[in-house]
Amino acid sequence: KYLYFRTLPFDVFVQRAAEVKHKEYFISEDEKYYLRSVGEDARKDIADIRKQFPILAEDVQIPEYFEKEQFFSSVFRISSAGLQLWTHYDVMDNFLIQVTGKKQVVLYSPRDAPYLYLSGTKSEVLDVDNPDLEKYPLFVKAKRYQCFLEAGDVLFIPALWFHNVISEEFGVALNVFWKHLPAESYDKSDTYGNKDPTAASRAIQILDRALKTLEELPEEYRDFYARRMVLRIQEKAYRNDYG
């Protein structure tokens, strides 16, 4: 929920991330530390462990699950025990490779998006283990899938599946993302792999303009035509096998 960016020498960072209580700290003695690798220029370059951490890359064997030209990024991560990453989705398939430490991973199907109280790509429900059901009553309808990763485990996270990750111990991990849609489907400016496909972004922009146009109508008419729009979207775009 509260994320601050600070710069530290790598060895100092690792030492603090591995500590439970800190003698030296920025805000509090029990603060958590998190590293997510980026490219040389974070605005233009993707994260690639082979370039940013070449020696460490030699110790990780990435499963041969996709063609070389589909590779997008390999993100090196270090996290303190107790650190939680909010529930979100990515637009590419990826492997979460646990190098050391233990993680709890909770996943939700894309079909449960209506129950996750989305704000962009993230869920507003921060604590999935003890959710505020008065504020988020529909969250109970979301089906939870849970697993625990230990050193050497690899988890496949399909594109669009929501996931929430808690580091139960100090841990090192690697995410490997690859493109399973045609290359032109993705936003070329996206270095993190979490921007919606370009067609989806255009559709959302068009929808926002349509909703703005509906504001010109009286409330009763606006409600009626909004419901017609929802029905049309369901008819034309929803998958029938979702039930």
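Residues numbered from 1 in each chain as written. Predicted model: local features only at pLDDT ≥ 70, side-chain atom pairs only at ≥ 80, totals over all residues. Heavy atoms only, no water.

A. Spotlight on the pattern of salt bridges. By the definition in use, this model includes eight salt bridges. Residue Glu168 pairs with Lys102 through a salt bridge whose shortest N-O separation is 4.0 Å. Of this pair, Glu168 sits in the loop between strand E10 (162-167) and strand E11 (171-178) while Lys102 sits in the loop between strand E4 (93-100) and strand E5 (103-108), placing them 66 residues apart in sequence. Residue Glu168 is classed as partly exposed on the basis of its relative accessible area of 38%. Given the relative accessible area of 25%, Lys102 is considered partly exposed. Between Lys212 and Glu215 there is a salt bridge, with its nearest N and O atoms 3.5 Å apart. (Salt bridge = Lys/Arg side-chain N within 4 Å of Asp/Glu carboxyl O. Helix = DSSP H or I, 4+ residues; strand = E, 2+ residues; numbered from the N terminus. Buried < 20%, exposed > 50% of the residue type's maximum accessible area, 1.4 Å probe, protein only.)

B. A look at the nonpolar core. Counting 17 residues, the largest nonpolar core has Met92, Tyr108, Leu116 and Phe139 as its most contacted members. Those elements that provide at least two residues to this core are strand E2 (71-79) and E5. Residue contacts for Phe139: discarding those within four places in its chain leaves Tyr108, Tyr115, Leu116, Tyr117, Val125, Val128, Pro131 and Leu133. Judged by nonpolar contacts, the second largest core, of 16 residues, contains Ala17, Ile49, Phe66 and Val176. (Core = buried A, V, L, I, M, F, W, Y, C linked by side-chain atoms within 4.5 Å. Contact = heavy atoms within 4.5 Å.)

C. The side chain of Asp196, seen in detail. Following the sequence through the fold, Asp196 ends up in the loop between E11 and helix H4 (198-214). It turns out Asp196 is buried and unbridged, and the closest side chain with the opposite charge, Lys122, is 10 Å from it. A polar atom in the side chain of Asp196 sits 2.7 Å from the side chain of Tyr89. Ignoring sequence-local partners within four residues, the contact set of Asp196 consists of Tyr89, Val91, Asp187, Ser201 and Ile204. (Lys, Arg positive; Asp, Glu negative; His and termini not counted. Polar contact = N/O pair within 3.5 Å; in protein donor to acceptor, adjacent residues only side chain to side chain.)

D. Looking closely at the packing of H4 against helix H5 (residues 219-237). Orientation of H4 relative to H5, taken along the N-to-C sense of each, is 155°, at an axis distance of 10 Å. With respect to their mutual orientation, H4 and H5 come out roughly antiparallel. The interaxial crossing formed by H4 with H5 has right-handed handedness. Contact residues: H4 offers Leu207, Ala210, Leu211 and Leu214, while H5 offers Arg222, Tyr225, Ala226 and Met229. Residues belonging to the contact of H4 with H5 are distributed by class as follows: seven nonpolar, no polar and one charged. (Axes fitted to C-alpha atoms, helices over the stretch in contact; angles between N-to-C directions. Parallel < 35°, antiparallel > 145°, perpendicular 65-115°, else oblique. Left-handed = near helix turned anticlockwise from the far one by under 90°. Nonpolar A, V, L, I, M, F, W, Y, C, P; charged D, E, K, R; others polar.)

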